[in-house]
Amino acid sequence: MASGEAPTWEEVARSHGRFLYTVAYRLTGNHEDAQDLVQEVMLRVQRGLATYRPGSMEGWLSRIATNAFLDDVRRRRRRPVEALPDDPDRTVPAARGADEALAASSLPDDVQAALAGLPPDYRAAVVLCDVVGLPYHEIAEMLDVPVGTVRSRIHRGRALLREVLAP
Amino acid sequence: VTHLGDALSALLDGELTPAEARAAEAHLGACEPCRHELAATSAARSLVRGLPVVDPPFGVFERLRRPAWRRGVAAVTGGAAAAVLLLVLTTPPADPVEPPVRALVERHAASASAGGDPVTELVSVGVPVAPEP
């Protein structure tokens, strides 16, 4: 890829498909929504809607994915019929042992389910920090909030995960 | 005593300045609740960081990638179909034909009664009304 040029569709799919899918799955919490999100990201990549800036390709894709995810969340909120509080996919797994046993006993599916139970804004911050591995200032820029807000969302997100996984 | 709160996450993520980090460490040395919260926060952080990469289900990207010409055709035919549908939906139904029957009848009745002789009325259309002498 020439530096400074937006990557082509094929480059993204071939070299970053797994990364993009992983981020989409961690954000949405299920395969159906993850595929829809990937489709939306690829559409934005293809249309050149998202301005590519030379740098980390994964950071760029994460930004598009997170924005598309949060756009979708806001759209769904405007249609309250679809916001089913009893959605079984959102059910949080059963309680487990103490903090000390947390890391040993939590299966990835349980962690993913707990992640899916976080408020979308917290989830986005936690995924960008702990799945993508971005520094706070980049997350703040992506989400268009102050760094202090990012720090607070990440910490509260982790506290909620802990409560769910090891009450 | 002010506890560290979200500075604990910042500490774990390396987001504190060296001075802030030293102050946080000093506080942790003296504060059992903060030490406990640090351990719990660290465990939650590790769990998310330890989540595996997720393989996309087979064909996810391939399904999105159709030949450009086919997308073009789909866009054109889809556009044409949408235009036709829009035309159908937005064209108002034609007004039903309503001949002014009542007005015609009344006009006819008025002229007929005024003339008093329905037969002479027919002169204008060239019908002989009287026998030739």
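Quick notes on the rules
- Residues numbered from 1 in each chain as written.
- Chains lettered and ligands numbered in written order.
- Predicted model: local features only at pLDDT ≥ 70, side-chain atom pairs only at ≥ 80, totals over all residues.
- Heavy atoms only, no water.
- Helix = DSSP H or I, 4+ residues; strand = E, 2+ residues; numbered from the N terminus.
- Buried < 20%, exposed > 50% of the residue type's maximum accessible area, 1.4 Å probe, protein only.
- Areas by Shrake-Rupley, 256 points an atom, 1.4 Å probe, with all protein chains shown as cover.
- Contact = heavy atoms within 4.5 Å.
- Buried area = accessible area lost by both parts, 1.4 Å probe.
- Salt bridge = Lys/Arg side-chain N within 4 Å of Asp/Glu carboxyl O.
- Axes fitted to C-alpha atoms, helices over the stretch in contact; angles between N-to-C directions.
- Left-handed = near helix turned anticlockwise from the far one by under 90°.
- Nonpolar A, V, L, I, M, F, W, Y, C, P; charged D, E, K, R; others polar.
- pLDDT = per-residue confidence, 0-100.

In terms of helices and strands, chain B carries 6 helices and 0 strands. Each helix and strand of chain B, placed in order from N terminus to C terminus, yields the pattern α-α-α-α-α-α. Put simply, chain B has 133 residues, and 21% of those count as buried. Accessible surface, chain B as shown: approximately 9500 Å² in total, 65% of it carbon and sulfur.

Quick look at the interface of chain A and chain B now. Contacts between the two partners involve 37 residues from chain A, matched on the other side by 32 residues from chain B. Summed over both partners, the interface of chain A with chain B buries about 3200 Å², with 65% contributed by carbon and sulfur atoms. Of all residues in chain A, Arg 151, His 155 and Arg 158 of chain A give up the largest surface area on contact with chain B, accounting jointly for 19% of the area buried on that side. Where chain A touches chain B, the interface holds 4 salt bridges.

With a phi angle near 60 degrees, Asp 144 of chain A is a residue other than glycine that sits in the positive phi range. Position of Asp 144 of chain A relative to the elements: it lies in the loop between helix 7 (136-143) and helix 8 (147-165).

Let us look at the packing of helix 1 (residues 9-28) of chain A against helix 6 (residues 120-131) of chain A. Describing two packed helices takes the angle between their axes plus the distance from one axis to the other. All names here are of chain A. The interhelical angle for the contact between helix 1 and helix 6, taken along N-to-C directions, is 145 degrees, at an axis separation of 9 Å. The element helix 1 and its partner helix 6 pack so that their crossing is right-handed. Here Thr 22, Val 23, Arg 26, Leu 27 and Thr 28 of helix 1 come into contact with helix 6, specifically with Arg 123, Ala 124, Val 127 and Val 131. Residues belonging to the contact of helix 1 with helix 6 are distributed by class as follows: 5 nonpolar, 2 polar and 2 charged.

Let us look at the environment of Val 12 of chain A. With respect to the helices and strands, Val 12 of chain A occurs in helix 1. Each C-alpha atom of the pair Val 12 of chain A and Leu 61 of chain A lies 8.7 Å from the other, and the pair is 49 residues apart in sequence.

Of all the 9 residues making up helix 5 (residues 108-116) of chain A, 7 are buried; the element is thus mostly covered by neighbouring parts of the structure. Along helix 5 of chain A, the positions that sit buried rather than exposed are Asp 110, Val 111, Gln 112, Ala 113, Ala 114, Leu 115 and Ala 116 of chain A. Where the residues of helix 5 of chain A are buried, they touch helix 1, helix 6 and helix 8 of chain A together with helix 3 (32-49) of chain B.

All names here are of chain A. On average, chain A scores 83 in pLDDT, and the residues at 70 or more come to 78%. Element-level mean pLDDT values for chain A span from 55 in helix 4 (residues 99-105) up to 98 in helix 6. Confidence over residues 82-98 falls short of pLDDT 50; this stretch has 21 contacts with residues more than four positions distant or in other chains.

Next up on the list: the side chain of His 155 of chain A. Tracing the chain through its elements places His 155 of chain A in helix 8. Those residues in contact with His 155 of chain A, other than ones at most four positions away along the chain, are Gly 5, Asp 6, Leu 8, Ser 9, Glu 37 and Thr 41 of chain B.

Moving on, we come to the side chain of Thr 41 of chain B. Within the secondary structure layout, Thr 41 of chain B lies in helix 3. Overall, the relative accessible area of 0% leaves Thr 41 of chain B in the buried class. With residues up to four places along the chain from it excluded, the contact list for Thr 41 of chain B reads His 155, Arg 158 and Arg 162 of chain A together with Ser 9 and Leu 12 of chain B.

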